[in-house]
Amino acid sequence: MKHQKTYPIPFFIMAIFICLVIIAPVSGTVSSTGSNLQDRDIPLLNNTILTAERDVLSFDIEPNLNSTANLSLIIHHEAWIFNYYPDKKTVSVTNLVPVGRDTPVHNHTVFGNRSLMQQSNIPNLFFPKKTQVLESAQISGTGNQTQYGWNNITIDPNCAVIIAYSHDFTEGSRLYNGDQINLPGVTISRNFSERDSSFILNYSLKNTGPVSLHNANLNVFFPEKANGIPLIESAVMNVTSPCGIDIADKTTYTDGTGHFSAGKLLLSDCTGDIMSGGQQNYLVTVTGKKQNSGMIFPTVILNYRADTDPFNASGSMNRIWPGVNLVTGDNVNISRYYYYEASVAIPETKFFVVSPDGSGAREASPSSDATRSNLASSPLPLLVSLFALCLAGIYVRVNRR
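Residues numbered from 1 in each chain as written. Predicted model: local features only at pLDDT ≥ 70, side-chain atom pairs only at ≥ 80, totals over all residues. Heavy atoms only, no water.

**A closer look at the confidence of the model for the protein chain**
Going by this rule: What pLDDT reports is the predictor's confidence in each residue, on a scale of 0 through 100. Two residues form a contact once any of their heavy atoms are found within 4.5 Å.
Put simply, the protein chain has an average pLDDT of 79, and 77% of its residues get 70 or more. In the predicted structure, residues 1–40 sits below a pLDDT of 50 and forms 101 contacts with residues beyond four places in sequence or in another chain. Between residues 368–401, whose pLDDT stays under 50, and residues either more than four places distant or in other chains, the model counts 94 contacts.

The following block contains the structure:
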C-alpha cells in the first residue's frame, strides 16, 4: 500500500474557488518559461508555418436525483498557427467536423476566447512574440460534413493566431459498457462489493490505444452523504495503488447523481507513463458505521495526456479530432504538432444501497438523453467540479510540504 495522508478541505475554500472564472483569454505578449515536454524531434523552426494543435476532452454533467447523472463529453479544439518566416504570411484555415457530430447534441458549440482552456504546453514550447485569438468562424457544408473556416488571416513574423472552438464530442451514455467505461485510448473496468460495513471499489485503468499515456491519474470521490442525509459515520478510506496517494477528507464534490455531496476524495499522483496495453489497478476500501438508509453514487475522475509522436515523425499521428488545413498563396513549408488530453469526471452507474440493517452494490442504467438549454453563453457549466478537484490537489500537496 502506497503512502497516503488525509486532510480536511474546508467547504468555504471550495465555494470561493467555484466562483472563479475558469476560461482565460490568451492575447498580447506571451511569456514562456520552458516546456515540460521533452524537446524530442523538434524541427528547425525557420522558414516554416507551424500548426500546433491540441484537443482537450472535458465534460458536462446535468444532475438527476437518486439516479445516474446525465453526462456528455465536450471537445475543446485549439490550433495555434505560427509564422516562422521573416515576412508576413497570409493563410486561410479550414477544419472539418467529423461525420455524425456536425449537429450539436447539447449545443456546446462556442468559438474564440470562451473556448480556450488554460495550461497549454504550446506557448511554452514555441515562444510566440504575440498571439491573436480569432472569434466566430464561417460555417459551411462540404458533402455531408460541416466545415469551419477563417479566411485571409495575416500573421506577423514569429507570431501566432489561435483558432479555438468547443463542440459536443459524444453523449455520455455511450461511454458505459457493463463493467467498463470507454474513453479515447482508455478503458476503466470497475467492480463494487460490500462486506462487514466496508464498501469495496476495484478499478483498473488500461491503455487501449496505440500510444503511451502521460501522467494518467484516476481519482475517486466517495460521498458519505446523499441528499444531505448522512449515511456513513467516521468513515476511513484505505487505498492500494501503484502511485502516490492522498486522501482529502470532508470534501465537497459532484457525486454520481450530479449533485454536490460531502465525502472523501482519493487523489492519485502518478508521474510515469502507461505504455500501450499496460494498466494500473486500484483497490479502494471505505469502512464506517451506517447511519441512515440511502444510495451512494461515487464519481470517478480521470486525467491523462497523449503526445508520444507530437511532430508526426512516424507519419501516423494519433488524433481524436480532425486537424486544420491551411491554404496559402505562397509556396510555404508546413510543419505540424499535436497532442490531446482528457480531464473528465464520470458519474458512476454502479452504486451502494446503504441501510443500517445491511447494504449491497448494484448498477443503474445511464440516464436517457434529456433536453437541455442553449449553453452558448456558458460553454462549460460544470467544469467547476474539475477545478474543485484541482484545488483539492493543490491544498493537499501544499500541506504535504
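**What to know about the sheet that holds strand 12 (residues 180–183)**
Spelled out, the test is: Two strands are said to pair when DSSP picks up at least two bridges between them. Working definition: helices are DSSP H or I runs of at least four residues, strands are E runs of at least two. Numbering for both runs from the N terminus.
Strand order in this open sheet of 6 strands is 11-12-13-14-22-18, and the pairing throughout is antiparallel. In this open sheet, the two strands that pair with only one neighbour each are strand 11 (176–177) and strand 18 (232–240). Bridging between strand 13 (residues 186–195) and strand 14 (residues 198–207) involves 10 bridges; their strand directions are antiparallel. What sits directly across from Ser 193, in strand 14, is Ile 200.

**Regarding the state of the cysteines**
As a reminder, the rule being used: Disulfide: a pair of cysteine sulfur atoms within 2.5 Å of each other. We call a residue buried when its accessible area falls under 20% of the maximum for its residue type, exposed when it is over 50%, and partly exposed in between, using a 1.4 Å probe and counting protein chains only.
Considering all chains together, one arrives at 1 disulfide under this definition. In this model Cys 243 forms its disulfide with Cys 270; the gap between the sulfur atoms is 1.9 Å. On the sign convention where negative is left-handed, the bridge of Cys 243 and Cys 270, at about 100 degrees about the S-S bond, is right-handed. Within this pair, whereas Cys 243 is found in the loop between strand 18 and strand 19 (244–254), its partner Cys 270 is found in the loop between strand 20 (260–269) and strand 21 (273–274), the two being separated by 27 residues in sequence. Grouping residues by exposure puts Cys 243 and Cys 270 together as buried.

**Topic: the packing of aromatic side chains**
Stated precisely, the cut-off is as follows: Here a Phe, Tyr or Trp ring, Trp counted by its six-membered ring, pairs with any other such ring whose centre lies within 6.5 Å, and the pair is stacked when the planes are under 30 degrees apart, edge-to-face when over 60, and tilted otherwise. Lysine and arginine charges are scored as sitting over a ring when NZ or CZ, respectively, is within 6 Å of the ring centre and within 35 degrees of the ring normal.
Going through the model one piece at a time under the given rule, you end up with 19 aromatic pairs. Each member of the aromatic cluster is reached from another via a ring pair, and the members are Trp 80, Phe 82, Tyr 84, Phe 126, Phe 311, Tyr 337 and Tyr 339. When the ring centre of Tyr 85 is taken as origin, the NZ or CZ atom of Lys 89, which lies over that ring, is 4.6 Å away. We note Arg 319 situated over the ring of Tyr 338; from NZ or CZ to the ring centre the distance is 4.4 Å.

**A look at the pairing of strand 10 (residues 160–171)**
Here strand 10 lies mainly inside the structure; 12 of its 12 residues are buried. Across 11 bridges, strand 4 (residues 70–83) lies against strand 10 in antiparallel orientation. Bridged to Ala 79 within strand 10 is Ile 163. In this sheet, strand 10 lies alongside strand 6 (residues 110–111) in antiparallel orientation, the contact comprising 2 bridges. Each bridged residue has a counterpart across the sheet, and for Phe 111 the counterpart in strand 10 is Tyr 165. Where strand 7 (residues 130–134) lies against strand 10, 4 bridges are found, and the strand directions are parallel. From the neighbouring strand, Val 133 faces strand 10, where its bridge partner is Ile 162.

**Details of the sheet that holds strand 5 (residues 89–96)**
Note the following rule: Note on method: axes are straight lines fitted to C-alpha atoms, helices fitted across the in-contact stretch only, with angles between N-to-C directions ranging 0 to 180 degrees.
One open sheet accounts for 4 strands, arranged 8-9-5-25; its pairing is antiparallel. The open sheet has two edge strands, strand 8 (138–142) and strand 25 (325–328), and neither has a second partner. Taken over all neighbouring pairs, the strand axes of this sheet differ in orientation by 30 degrees on average, direction set aside. Pairing geometry for strand 5 and strand 25, over 4 bridges, is antiparallel. Across the sheet, residue Thr 94 finds its bridge partner in strand 25, namely Asn 325.

**What about the environment of His 76?**
Just so we agree on the cut-off: Definition of a polar contact: a pair of N or O atoms within 3.5 Å, with one able to donate and the other able to accept a hydrogen when the atoms are protein atoms, and with sequence-neighbouring residues admitted only if both atoms are side-chain atoms.
Position of His 76 relative to the elements: it lies in strand 4. With 245 residues separating them along the chain, His 76 and Trp 321 place their C-alpha atoms 9.6 Å apart. Of note is the side chain of His 76, whose polar atom sits 2.6 Å from the side chain of Ser 58. Polar side-chain contacts of His 76 include one of 2.7 Å to the side chain of Ser 166.

**As for unusual backbone geometry**
Peptide bonds are mostly trans, and most non-glycine residues show a negative phi. With phi around 50 degrees, Asn 152 is a residue other than glycine that occupies positive phi space. Here Asn 152 is to be found in strand 9 (residues 145–155). If you check the backbone angles, Asn 215 has positive phi at about 50 degrees while not being a glycine. Note that Asn 215 resides in strand 15 (residues 213–223).

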